[in-house]
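Breakdown of the fold
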Amino acid sequence: MGIVVEQGGTLNVNTGSSCDGSILVQGTLNYYKPVTNSELNFITLSGNNSIWNVYNNISFNNSNGGSLSFTGSINLKLGYKLTLTNVNVSFRSFGYDQNDQIEIDANSSLEIRNQLAIGTNATFTYSGEGSLIFRSPATITAGTTNSNISIDRRGYTNKTIYFTGNSGTSITAALWNITFTGCTLSLAHGVDVSVNAVVNLYSTLVTSATPSSIHNGFKISNSGAMNFNNCTFEKGEFGLWIMGWSGGTVNVSGCNFKNCAQGLFVYNKALTLSGSYFYDNKTGLNIDYSSYTHNVANCTFKALSGSVEQGIIYQGTPESSLNISGCTVLNQSVTGINTGGGNVKLSCNRIQNNNLGLRIGGNYLNMSRLTGGGYNNLSNNNYTIYSYGAYGMDLEEG
């Protein structure tokens, strides 16, 4: 005869304990024995309130492949290890504590449908080449302090994190720091990842799950300094969306933004952008409502195979500034560079073959080497410069 742990009840299974029947968990099961495939034959999580607390190593190994889906939640406690081999496992919620370990082999995946709870002073990560799946409306939550994610592909052939669900839904995270290195972040059609954390991405691809789908963006709201180096953002309503409310510069270098409605969107956050390419985006770079200084250097905004409308849009407050140097802005069907408010300085740029080269409104334009600007090539635009209320333009040698 089996054991039923009713909702609100608790069962402790200690090392050395044995059970001849099944355990139906509707409440809380505290399990102190090592967990292997044999336990899957008699432990059942029933209902969203069922919780399995594991105080030992846990291993799922299916030589024939297959999938396991648990209705309830599992919490990996006290620095133990979860190992998945040739099996796809799905939990409603997953609790991850300090010093826990997860290993997912290339033929396996771990899916979280409702919540990943990262404990205090814990950094969530996993080894192996398997996949991690978040299904909206999943949330990633933090402990009282210093809860982080750090996932690094180095040493492995592949490491893909899927964000999936119905179009128009979000997967949210509120943490201290999130770092991905060498990973692929695959977003389903219409799904966005909305993060409140300091985010650093290195050599990481952010893309849509299928060639024909368009994700809704990797969105970050935070006041800290962040770095995005050698990454690609593609096939989204937004490639990368950043909103700041104070402090910290966003540093973007050596990145590619491709086939997005807006490649890089920055709201009220200082930006340093260098050596990056914006191809086939409706709008390449959009800096909105900014009171900071922005530096854009040695970047290219152009069409390869798609249609493009505007290379750079900038809306700044009177004290803000935008410095653009060594950039190429080509073939924009509306405007190469469209600015309003703040101070704009252009040096050594090539702004050609656009419908309108520069649109200047409510701000000061400096294109002179005499005052810190520099020579710019604005040939072959249908219209070179359009001013609508600019309060000053310094064009000597511009």
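Above this text sits the structure in question.
Note that this is a predicted model, so its numbers are computed, not measured. (Residues numbered from 1 in each chain as written. Predicted model: local features only at pLDDT ≥ 70, side-chain atom pairs only at ≥ 80, totals over all residues. Heavy atoms only, no water.)

The strand order across the open sheet formed by three strands is S7-S9-S11, and the pairing between neighbours is parallel. Either end of the sheet is taken by a strand with one partner, and the two such strands are strand S7 (58-61) and strand S11 (101-104). Strand-to-strand twist in this sheet, taken as the mean axis angle between neighbours without regard to direction, amounts to 5 degrees. (Pairing = 2+ DSSP bridges. Helix = DSSP H or I, 4+ residues; strand = E, 2+ residues; numbered from the N terminus. Axes fitted to C-alpha atoms, helices over the stretch in contact; angles between N-to-C directions.)

So, about the side chain of Ser320. Inspection of the secondary structure assignment puts Ser320 in the loop between strand S34 (310-316) and strand S35 (321-325). Residue Ser320 is classed as buried on the basis of its relative accessible area of 0%. (Buried < 20%, exposed > 50% of the residue type's maximum accessible area, 1.4 Å probe, protein only.)

Moving on, we come to the nonpolar core. A general feature of soluble globular proteins is that nonpolar side chains tend to end up buried together. Membership of the largest hydrophobic core comes to 93 residues, with the highest contact counts inside it found for Trp52, Phe94, Phe134, Phe228, Leu264 and Leu285. Element by element, the count of residues in this core is highest for strand S20 (residues 192-202), at six residues. Non-local contacts of Leu285, meaning those with residues more than four positions away in its chain, are made with Leu264, Leu271, Leu273, Phe278, Val296, Phe301, Gly311, Ile312 and Ile313. (Core = buried A, V, L, I, M, F, W, Y, C linked by side-chain atoms within 4.5 Å. Contact = heavy atoms within 4.5 Å.)

Taken in spatial order, the three strands line up as S1-S3-S5 in an open sheet, and their pairing is parallel. One side of each edge strand has no neighbouring strand; the edge strands of this open sheet are strand S1 (3-5) and strand S5 (43-45). Taking each pair of neighbouring strands and ignoring which way they run, the sheet shows an average axis angle of 15 degrees. Relative to S5, strand S3 (residues 23-25) runs parallel, the two sharing three bridges. Residue Ile23 lies in a different strand from S5, and its bridge partner there is Ile43.

Next up on the list: the environment of Ala270. For Ala270, the location among the structural elements is in strand S29 (residues 270-274). Through-space distance from the C-alpha of Ala270 to that of His294 is 5.7 Å; in sequence the pair is 24 residues apart. Residues contacting Ala270, with those up to four places away along its chain left out, are Gly248, Thr249, Val250, Tyr292, Thr293 and His294.

Our next topic: the environment of Thr272. Structurally, Thr272 can be placed in strand S29. On a C-alpha basis, the gap between Thr272 and Cys327 in space is 14 Å, while along the polypeptide they are 55 residues apart. Once you skip the residues sitting within four places of it in the chain, Thr272 turns out to touch Thr249, Val250, Asn251, Val252 and Asn295.

Turning our attention to a nonpolar patch on the surface. A contiguous nonpolar patch, built from Ile385, Met393 and Leu395 and spanning about 230 Å² of accessible area, is present on the exposed surface. Mapped onto the secondary structure, Leu395 falls in the segment after strand S43 (392-394). (Patch = residues over 30% accessible without salt bridge, like charges linked within 9 Å, V, L, I, M, F, W, Y side chains within 5 Å. Areas by Shrake-Rupley, 256 points an atom, 1.4 Å probe, with all protein chains shown as cover. Salt bridge = Lys/Arg side-chain N within 4 Å of Asp/Glu carboxyl O.)

Turning next to the packing of aromatic side chains. On inspection of all chains with the given rule, the structure shows twelve aromatic pairs. Where Phe257 meets Phe278, the ring centres are 4.7 Å apart and the plane angle is 5 degrees; that geometry is what we call stacked. Taken as a pair, Phe257 in strand S27 (residues 256-258) and Phe278 in strand S30 (residues 277-279) lie far apart in primary sequence, 21 residues in all. Given a relative accessible area of 1%, Phe278 falls into the buried group. Its end group placed over the ring of Tyr156, Lys159 keeps NZ or CZ at 4.4 Å from the ring centre. The ring of Tyr388 carries Arg359 above its face, with NZ or CZ at 4.1 Å from the centroid. (Phe/Tyr/Trp six-rings, centres within 6.5 Å; stacked < 30°, edge-to-face > 60°. Lys NZ or Arg CZ within 6 Å of the ring centre and 35° of its normal.)

Just geometry here; none of it tells us what the structure is for.
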